[in-house]
Amino acid sequence: MQRLLPRCLAVAALCLVLAACKEDLYTNLEEREANAMVAALLQRGIPASRIVQKNGKLSVTVDEDQFAQAVTVLNEAGLPKAQFATMGSVFKQEGLVASPVQERAQMIYALSEELSRTVSEIDGVVSARVHVVLPDNDPLQRNAVPASASVFIRHEPNLDINTLIPQIKTLVANGIAGLTYEKVSVIPVVATGTNPAIANIELTSFLGIWMHPASAAKAKWLFGTLLVAVLGLGGALGYLFLQRKRRRVYPLVPVGPAK
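Treat the numbers as computed from the prediction; the structure is a model and nothing was measured. (Residues numbered from 1 in each chain as written. Predicted model: local features only at pLDDT ≥ 70, side-chain atom pairs only at ≥ 80, totals over all residues. Heavy atoms only, no water.)

Q: So what about the nonpolar core? Which residues, and what values?
A: By size, the foremost hydrophobic cluster in this structure holds 22 residues, and its most contacted members are V130, V151, I153, I161, I168, V172 and L179. Mapped by element, the contributors of at least two residues to this core are α5 (100-120), β4 (125-133), β5 (148-155), α6 (161-175) and β6 (184-190). It is α6 that provides the largest number of residues to this core, a total of six residues. Ignoring sequence-local partners within four residues, the contact set of L179 consists of A147, S148, A149, V172, A173 and V184. Judged by nonpolar contacts, the second largest core, of 16 residues, contains L25, A34, A40 and A48. (Core = buried A, V, L, I, M, F, W, Y, C linked by side-chain atoms within 4.5 Å. Buried < 20%, exposed > 50% of the residue type's maximum accessible area, 1.4 Å probe, protein only. Helix = DSSP H or I, 4+ residues; strand = E, 2+ residues; numbered from the N terminus. Contact = heavy atoms within 4.5 Å.)

See below:
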């Protein structure tokens, strides 16, 4: 019992720490995306948890005092991933008849979104955007303006982007009719490095559990408060038990009037 009591108190204190002062970081997330966000935060020593919403989606919560750090970490990791429109959503019928200008604009936007989604799936790419230019050339014009595309890539520092640029250009050129390899430009940018103030934080061990220093301080305070409360309750129960036992051993004898 003596060994089990500290562990129970530690678990209770940690539950109070996790339940108090929580802020929703992101809501309406899919399970895979929520897992990636929680994993990225835990790797930086920021406690995070998932909560199931009423609609079945997930929300990621963190401590209120670590909200800003959590946002910075997720931005550096490119999370949550950008949501791109699909061909089906772009060409969803709205209204009776679409004008040729509207259909052309929808086609260009759909191509850009599909290619951006594909490039973003490359390992090591944090985010990507593809901008497509399809000139409205006159069929009778001799000097037609060729199609072109520019690709902006934000990638991790350890990614060898130079070996991927030719493959990315080929992918974009083959994905658009009339676009040549030479007319595709790729602009890579290294993602912002880790914040030293966050990366250099050392985890603190409390009762054998490693956690963020701020959370460890809260856990110690709550543990001390809970320990004092338990000891006070134990002392009160012990006093009542002794009083009850004393009454059984030495029962009170009613004293009547002297005869």
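Q: An account of the sheet that holds strand β3 (residues 58-63) is requested, with residue identities and associated values reported.
A: Spatially, β1-β3-β2 is the arrangement adopted by the three strands of the open sheet, whose pairing is antiparallel. Two strands bound the open sheet, and with one partner strand each, they are β1 (22-29) and β2 (48-52). Strand after strand, the sheet turns through a mean of 25° between neighbouring axes, direction not considered. Where β1 and β3 come together, five bridges link them in antiparallel fashion. Bridged to Y26 within β3 is V60. Sheet strands in contact with helix α2 (residues 31-43) are β1, β2 and β3, and its direction is about 160° off that of β2. (Pairing = 2+ DSSP bridges. Axes fitted to C-alpha atoms, helices over the stretch in contact; angles between N-to-C directions.)

Q: Pulling in residues and values, what's your account of the pattern of salt bridges?
A: Summed over the entire model, instances satisfying the criterion amount to two salt bridges. The closest approach of N and O atoms between E30 and K57, which form a salt bridge, is 2.2 Å. Within this pair, whereas E30 is found in the loop between β1 and α2, its partner K57 is found in the loop between β2 and β3, the two being separated by 27 residues in sequence. By relative accessible area, which is 45% here, E30 ends up partly exposed. The exposure class assigned to K57 is partly exposed, which follows from its relative accessible area of 28%. (Salt bridge = Lys/Arg side-chain N within 4 Å of Asp/Glu carboxyl O.)

Q: Lay out α2 in plain terms, naming residues and giving numbers.
A: Residues spaced three or four apart along an α-helix point in a common direction, a consequence of the helix completing one turn every 3.6 residues. Under the 1.5 Å per step criterion, the end-to-end length of α2 is 18 Å for 13 residues, consistent within 8% with the ideal 18 Å. All buried positions along α2 are accounted for by E33, A34, M37, V38, A40 and L41. The buried residues of α2 occupy an angular sector of 160° when projected down its axis, which confines them to one face. In this structure, α2 carries E31, R32 and Q43 as exposed residues pointing more than 90 degrees from its buried face. Residues of α2 that are buried sit in contact with β1, β2, β3 and α3 (67-76). With its phi angle positive at about 80°, G45 sits one or two positions after the end of α2. (Expected span 1.5 Å × (residues − 1). Arc of directions from axis to C-beta.)

Q: Can you tell me about the pairing of β2, naming the residues and giving the values?
A: The sheet contact formed by β2 and β3 spans five bridges and is antiparallel. Counterpart to V52 in the pairing with β3 is L58. The turn joining β2 and β3, which pair antiparallel and follow one another in sequence, is formed by five residues; a positive phi near 90° is taken by G56.

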